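# Coordinate inspection notes
Chain residues, written in single-letter form:
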Amino acid sequence: MTSPHDKLAVTLAVNGRDYRIAVEPRRSLADALREDCGLTGTHLGCEHGYCGACTVLVDGVPVRACLMLAVQAHGRPIRTVEGLAGDGPLHPLQEAFRDEHGLQCGFCTPGFLMLAAGVLEREPDIGDEALREILSANLCRCTGYQNIVKAVRAAARRIKEAAGRG
Amino acid sequence: MADGPTRYIGMPHKRLEDRTLLTGGGRFAADLSAPGQLHMRVVRSPVAFGRLRSVDVREARRLPGVVAVWTFADVERIPPIQIRLTKIGGLEPYQQTVLARDYVRYVGDPVAAVFAEDPYVAEDAAELVFPEIEELPACISATEPPREFMPETLPGVSSEAACVTKAYGDLDAAFAAAHEVVELEVAVGRHTGVPLETRGALAEFDPAKGTLTMRGAAKVPHYNRGQVARMLDMPDEMVHLIQGHVGGGFGVRGELYPEDVLVCHAALRLKRPVKWVEDRQEHLMAANHSRDQSYRLRAAVDARGFILGLQAEVFSDQGGYVRTHGVTVPDLSAAMLPGPYLVPAYRADVHVRLTNKTPAGTYRAPGRYESTFARERLLDAIAHALGRDPVEVRRVNLIPRDRMPFDRGVDTLGTRVVYDSGDYALLLDKLLAYLDYDRLKQALAARRAAGEHVGFGLGYFVEKSGLGPADKAVISIDAEGMVEVVTGAASIGQGIETAMAQICAEVLEVPIERIRVVHGRTDRIDYGMGAFASRVTVMTGCAVKAAAEALLEKLAGAQVGTPASAEGWFRADHMTYPYGIHAAVVRVDPGTCAVHVERFVVAYDIGRAVNPMLVEGQIVGGAVQGIGGALFEEFVYDANGQPLVTTFGDYLMPTLAEVPPVEALVTEDAPATQNPLGVKGAGEAGINGAGAAIAAAVDDALGRPGAVTRLPVTPIRLHRLLGERD
Amino acid sequence: MKPAPFSYHAPSTLDAMLALLAEGGEDGKVIAGGQSLVPMMNFRLARPARLFDLNGVAELDFLRAEGGWLRIGALARHAAFHRPPCGGPTGALLAEVVRHIAHYPIRQRGTFAGSIAHADPASEWCLVAATLGAEIVARSRAGERRIGAGDFFLASLSTALRPDELIVEVRLPILDAGWRTGFCEFSRRVGDFGIAMTAVALRVESGVVREARIGVGGVEDHPARQPAAEQALVGQPVAARAFAAAADAVAGAVRPMEDLHADAAYRRHLARTTTRRALEQACAGSGS
Ligand SMILES: Cc1cc2nc3c(=O)[nH]c(=O)nc-3n(C[C@H](O)[C@H](O)[C@H](O)COP(=O)(O)OP(=O)(O)OC[C@H]3O[C@@H](n4cnc5c(N)ncnc54)[C@H](O)[C@@H]3O)c2cc1C
Ligand code: FES
Ligand code: FES
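Each value, and the rule that gives it
- Residues numbered from 1 in each chain as written.
- Chains lettered and ligands numbered in written order.
- Predicted model: local features only at pLDDT ≥ 70, side-chain atom pairs only at ≥ 80, totals over all residues.
- Heavy atoms only, no water.
- Near = heavy atom within 4 Å.
- Polar contact = N/O pair within 3.5 Å; in protein donor to acceptor, adjacent residues only side chain to side chain.
- Helix = DSSP H or I, 4+ residues; strand = E, 2+ residues; numbered from the N terminus.
- Nonpolar A, V, L, I, M, F, W, Y, C, P; charged D, E, K, R; others polar.
- Axes fitted to C-alpha atoms, helices over the stretch in contact; angles between N-to-C directions.
- Parallel < 35°, antiparallel > 145°, perpendicular 65-115°, else oblique.
- Left-handed = near helix turned anticlockwise from the far one by under 90°.
- Contact = heavy atoms within 4.5 Å.
- Pairing = 2+ DSSP bridges.
- 1 Å grid on protein atoms, 1.4 Å probe; cavity = no way out; pocket = protein on both sides within 12 Å on 5 of 7 lines; lining within 4 Å.
- Points joined across faces, edges and corners; volume = space filled by probe spheres on them.
- Buried area = accessible area lost by both parts, 1.4 Å probe.
- Salt bridge = Lys/Arg side-chain N within 4 Å of Asp/Glu carboxyl O.

## Considerations on the site of ligand 1
- Taken together, 34 residues surround ligand 1, and among them Val 30, Gly 34, Ser 36, Thr 111 and Glu 124 of chain C come closest.
- Around ligand 1 the close residues trace back to chains A and C.
- Lys 29 of chain C is positioned such that a nitrogen or oxygen atom in its side chain is 3.1 Å from an oxygen atom of ligand 1.
- For ligand 1, an oxygen atom lies 3.3 Å from a polar atom in the backbone of Ala 102 of chain C.
- Elements with a contribution of two residues or more to the shell around ligand 1: strand S2 (28-31), helix H5 (112-118) and strand S10 (166-173) of chain C.
- Of all the elements, H5 of chain C adds the most residues to the shell around ligand 1, at 4 residues.
- Partitioning the shell around ligand 1 into residue classes produces 16 nonpolar, 15 polar and 3 charged.

As structure tokens, this is what we get:
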């Protein structure tokens, strides 16, 4: 029988790289990404599921990293904002956020980017209303959302155009 | 220097800040770490008011991983946190110590601090700290008669800390001449900035150099450096406060709080770096709240609705202690209440009362969101009393352009209020034209006739910006032509790097890509006022302009590639006063008692915009916060002073689904006369009149003038108001 | 806001899970989607000493129509209902209702059965279960029980489930094409827990209501059917008058909770509104 303080060996496969870490069972995925993997782009704004600043992709779908345990993510593909562009040029979503002034303080931005990335990859043809409904999952205190919506729409167009050319 | 004249000022330049933030490279407070760091967890009072008899920390100290547990005895030599702004005599007894001494005065009042190797363990240990508190009846309303602040230890000290009075003109004569007297009682609920990033700090002591460094600073690093130094008995130059990225300020973040002092003190005493990250529940009960004012207004008006005299009694709920803002909010409330109207005679008395709620400070448009709501409700009430159109009543009262500059007759924040420029009637005309006002009214009337509950309302306001006294900037250029601008400003996410770079680029005529802006570092510049009161673009912007011009002068005739550096100052004795109007169209659903904002328009004269894209961003973001305060956000307490709103499930900040696209109508008709750029601030433009406009629109939708007397207009309140059968 | 310590167990079979529950006693807890449990643990309102992770028990990951029932395995996530999981009015109702549950990322993890076990008074799935007459299949080492929704929800966060029992499956009746369903909810913001909500299923023949199921959630301490309103409707033609009478019957019958966002009078008012609107929705465009 394990003690609650015994650390468990966990492998987090983040942005295509394996991080072998040892964590207490109670460590959240968000804390493990931030503290054990050094990926502080995933932010914590509430730790109870409401703000979405911690949104990452697990198995390609957006989830709240504050409501998942690190052990539960063992071995599963995870993507965070750090992996969106890699070392290359900005991802179309990132570009669009810059062009449309979709961020001010930038604290909510990684969460919105990952939410939008997850959705656009799964539903590239998503309609306006459905998109607005999904983006209402995350809070932003600075921008008033208008430019975030504009940016995601613009990115969706760019991604489709690129796909059409490719 | 450049290939051709390039314009930067006035252009919607993309932000220099963005790339880092978009790629996850931001360095927010919680992102910082230092080897060997300890984690602090604050133990907070579970009761609203009580005599603190003892704190049992034995069990907490025994928990493996715990390094220290402090109570007041460990920090008793640290003086209470001083008042930064609007300090008036007699406030000293109301200041907060970094840990509670002998009373606790709100749920969330720090009583102990735990330091542990791991944040999870720190939280485990905090649960094992047991304060013994003798609970006393809590006061949760500022309109109740004052009582004793701390009856046993400060006998005779009243919970009314101050009464701020501002007056001019002959009020008695005004009332004697009145055609009618209109009275009104209205209130604005308790809400606050709630940036998406909670507070946080990392303090480190370098024994070799003897310096203490705190990262995670914001807003006013220079001032806070001085305070930390004073409180911990260190020379100023041995303390550095450094700002990284900041996840929103809104008035709340960056003030000096007990926790900042605790981490600094702990880094010194425990000789290890100490990190603190606030959790959201703590934030909602420990960081400054705001608003929470009641207004009793009496206006003497003539037959046209012209206000001959206005008398106001205001109750400002200060919460448990007087914090760094002193009486800033009450002071601004009293000074800004007359707004854009002539009001020849005036008196306001603002009672600043301590209650057993979270201490209050400023939140974006402090004292204006509230006073604009009260004043504009009054204008609507006057229109109704006289059977006149609300827009026409406003027109009758607006200060005409030829009276500018207009001496308001009062002071605030230590400066005389003199509206420097403005054409209030023109902005109103432009807004009405933009709205196609008559058509809009007809359309709404038609919808009402068809059974819908839709309405229109507006709120006019004057803002203030560019608080002095001075700002400094230092600009250097190196041999490669790279330019560095160092300012004493602070970024709170509002895009100041870009705006400062634009000003510098315009003057120096260098491409903006070659400019780097540094701010929020007390180790790089010795003077800085920081970022508050929408002061940065005006004050820091003009200092940057001056420094750039000084640099140009130095470089005149010098060889290309000569490194050089110059400093520039900008001083201002007076603020500059932008102004605006908010207009809202709402629909009330009587079945649910919910209010839906269908349209929200902000008309605003900014004097001159450095970057219109940023200005619009400020306006839209502010408007959504304003809608939040008007309809959703409120800190509610039960009769014992227990906060009922301590999670994001109950503190209802609007999501995308609750807000309409905000329309910004920005004009540049009245450039500032107080500064060479002609700029006025934009930070508070979006939020100021939102409560006023929405309240008026709800009245209109219900066909019941004067129905809304309190913000936020929550469904439960609207249900009571409608007195639906049941 | 970090959870208290616990030990973690991730069985991969149902038997192993049931064994853990059997020995786990009072201080063990199942985690499914974690979207209710983890926030409560972060606030330290829940502090299980042992956490039993259901997510590895692949045999419970199913969602299929079978023999007139929609069988919802314990690992079926909210997101699985974004498209109707079965044909007819039941599928349409579920796909409509799911959009009101929290938000998209939360729906990727949260489970239908977890909602039922958690029994929040404002849970949409609990309301649907109560209204349609779900069967909750509970399993322990001692065997299997089938509990009707009417007997399952006892009070706020309280059910007939025993500590050693696991919900392995929830079964919803698949209504035939003669039924119409409707749903209406009011919440302060999109995605928030509702303050009041109504789900209805009506069997209508030649414009007359033959059978009615009306359930109200978020108003009392657990969702429940509203017999008075159902009776008021049966035998009535599908018309605004009948809907209003049923809505009034709901308002008259409920004993509403009070909290920050709604006092009893306002909740009652809302229940009337959501009931009327759910009925209107059910019959909208039906041309009957
Ligand atoms: C921000 C936010 C908003 C939300 N809004 C809503 C909303 O509007 N409506 C709504 O209904 N829900 C809402 N939720 C809750 C969400 O739907 C949860 O997913 C759901 O309540 C529980 O499902 P879960 O699988 O996540 O269960 P868990 O969180 O894993 O478990 C919840 C409880 O059920 C028990 N349990 C779980 N599965 C089983 C099982 N198979 N057998 C026995 N016991 C079990 C657990 O032990 C625990 O006690 C919200 C959550 C968040 C974070
Ligand atoms: S931090 Fe995860 S939702 Fe807010
Ligand atoms: S940009 Fe600041 S919270 Fe969204």
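## Observations regarding the packing of helix H3 (residues 88-98) of chain C against helix H6 (residues 124-132) of chain C
Residue and element names in this part refer to chain C.
- It is at 10 Å that the axes of H3 and H6 come closest, and there the two elements cross at 155°. Considered as vectors, H3 and H6 are oriented roughly antiparallel to each other. Of the two elements, H3 crosses H6, and the hand of that crossing is right-handed. Note on element contacts: H6 touches H3 through Glu 124, Trp 125, Val 128 and Leu 132, opposite Thr 90, Leu 93, Leu 94, Val 97 and Val 98.
- Residue classes in the contact of H3 with H6 are distributed as 7 nonpolar, 1 polar and 1 charged.

## Digging into the sheet that holds strand S14 (residues 307-319) of chain B
All names here are of chain B.
- With respect to topology, 6 strands assemble into an open sheet ordered S7-S15-S14-S13-S8-S26, the strand pairing being mixed. Two strands in the sheet have a free side with no partner beyond their single neighbour: strand S7 (160-168) and strand S26 (710-711).
- In the sheet, strand S8 (residues 180-191) pairs with S26 via 2 bridges, with the strands oriented parallel. Paired with Ala 187 across the bridge in S26 is Arg 710.

## Brief notes about the layout of surface pockets
- The volume enclosed by the second largest pocket comes to roughly 1100 Å³.
- Along the wall of the second largest pocket there are 37 residues; nearest its centre are His 596, Ala 657 and Glu 658 of chain B together with Arg 189 and Val 190 of chain C.
- Those elements that provide at least two residues to the lining of the second largest pocket are helix H5 (128-135) of chain A, strand S23 (579-589), strand S24 (594-605) and helix H16 (612-632) of chain B together with strand S11 (179-186) and helix H10 (264-283) of chain C.
- Take the lining of the second largest pocket: its biggest share by element is 5 residues, from S24 of chain B.
- Counted by class, the lining of the second largest pocket contains 16 nonpolar, 7 polar and 14 charged residues.

## So, the interface of chain B and chain A
- Counting from both sides, the interface comprises 57 residues of chain B and, opposite them, 43 residues of chain A.
- In total, chain B and chain A occlude about 4100 Å² of area from one another, counting both sides; carbon and sulfur atoms represent 57% of this.
- Per-residue buried area on chain B facing chain A is highest for Leu 22, Tyr 120 and Leu 656 of chain B; these three make up 21% of the total on that side.
- On the surface where chain B and chain A come into contact, there are 3 salt bridges.
- Residue Asp 124 of chain B pairs with Arg 26 of chain A through a salt bridge whose shortest N-O separation is 2.7 Å.
- Listed by contribution, the elements that provide at least two residues to the side of chain B that touches chain A are helix H1 (18-22), helix H4 (119-126) and H16 of chain B.
- With 8 residues, the top contributor of residues to the side of chain B that touches chain A is H16 of chain B.

## Concerning empty space enclosed by the protein
All names here are of chain B.
- Counted according to the given criterion, the structure contains 13 cavities of 30 Å³ or more.
- Estimates place the volume of the largest cavity at around 680 Å³.
- What lines the largest cavity is a set of 48 residues, among which Ile 492, Gln 494, Ser 534, Gln 618 and Gly 683 lie closest to the centre.
- Of all the elements in the fold, those that place two or more residues in the lining of the largest cavity are helix H9 (328-336), helix H14 (496-508), helix H15 (536-555) and H16.
- For the lining of the largest cavity, a count of residues per class yields 23 nonpolar, 16 polar and 9 charged.
- Quantified by volume, the second largest cavity comes out at close to 110 Å³.

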